[in-house]
Each structure stands twice: as C-alpha cells, then as structure tokens.
Amino acid sequence: MTVEVGVQIAAVVAILAFLWNLHRDVSDLRERMARLEGLMEGFIGRESTG
C-alpha cells in the first residue's frame, strides 16, 4: 500500500465521520424545532384572560 492510498483512505474516513456527525446534529435540531413548534402552538392558541 502506497502513501497515496493511505491518504485516500484517511480522507474517505474523515468525510464519513463528518457526514455522520452532521446527520446527528440535524436530528437533534429537528427534535428541538418540533419542541419549539409545540410551545409556539400552545402560546398562540391561548385565550386571553383580560
């Protein structure tokens, strides 16, 4: 195995790790947005007491 092949394998592994991390972050963001949407629906749907 030459140095070039080793560098290519390392680059592919780094790209896959980045994409995996990005996927996890997007999943967390989706859950947070759903929670905020629920809070906003509850806040807007409230009847005024005044």
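Computed from a predicted structure; not experimentally measured. (Residues numbered from 1 in each chain as written. Predicted model: local features only at pLDDT ≥ 70, side-chain atom pairs only at ≥ 80, totals over all residues. Heavy atoms only, no water.)

1. Focus: the overall build of the protein
Reasoning step 1: When helices and strands are counted, the protein shows 1 helix and 0 strands.
Reasoning step 2: Whereas a compact globule of 50 residues would reach a radius of gyration of roughly 10 Å, the protein reaches 22 Å, over 25% beyond that.
Reasoning step 3: When its C-alpha atoms are laid out on the principal axes, the protein stretches across 75 × 10 × 5 Å.
Reasoning step 4: For the protein, the proportion of its 50 residues judged to be buried stands at 0%.
Reasoning step 5: Counting every atom, the protein has about 5,000 Å² of accessible surface; 66% of that belongs to carbon and sulfur.
Reasoning step 6: The protein carries 5 positive and 7 negative side-chain charges, and their two centres are separated by 6 Å. (Helix = DSSP H or I, 4+ residues; strand = E, 2+ residues; numbered from the N terminus. Rg over C-alpha atoms; globule rule 2.2 N^0.38 Å. Buried < 20%, exposed > 50% of the residue type's maximum accessible area, 1.4 Å probe, protein only. Areas by Shrake-Rupley, 256 points an atom, 1.4 Å probe, with all protein chains shown as cover. Lys, Arg positive; Asp, Glu negative; His and termini not counted. Charge placed at Lys NZ, Arg CZ, Asp CG, Glu CD.)

2. Here we look at a nonpolar patch on the surface
Reasoning step 1: On the surface, Val12, Ile15, Leu16, Phe18, Leu19, Leu22 and Val26 cluster together into a nonpolar patch covering about 650 Å² of accessible area.
Reasoning step 2: By the element assignment, valine 12 lies in helix α1 (residues 3-44). (Patch = residues over 30% accessible without salt bridge, like charges linked within 9 Å, V, L, I, M, F, W, Y side chains within 5 Å. Salt bridge = Lys/Arg side-chain N within 4 Å of Asp/Glu carboxyl O.)

3. Looking at the environment of glycine 38
Reasoning step 1: Residue position: glycine 38 is located in helix α1.
Reasoning step 2: Spatially, the C-alpha atoms of glycine 38 and glutamine 8 are 45 Å apart, while their sequence positions differ by 30 residues.

4. Let's talk about the environment of isoleucine 15
Reasoning step 1: Looking at where isoleucine 15 falls in the secondary structure, it is placed in helix α1.
Reasoning step 2: Residue classification places isoleucine 15 among the exposed positions, given a relative accessible area of 51%.

Nothing here speaks to function; it is all geometry.
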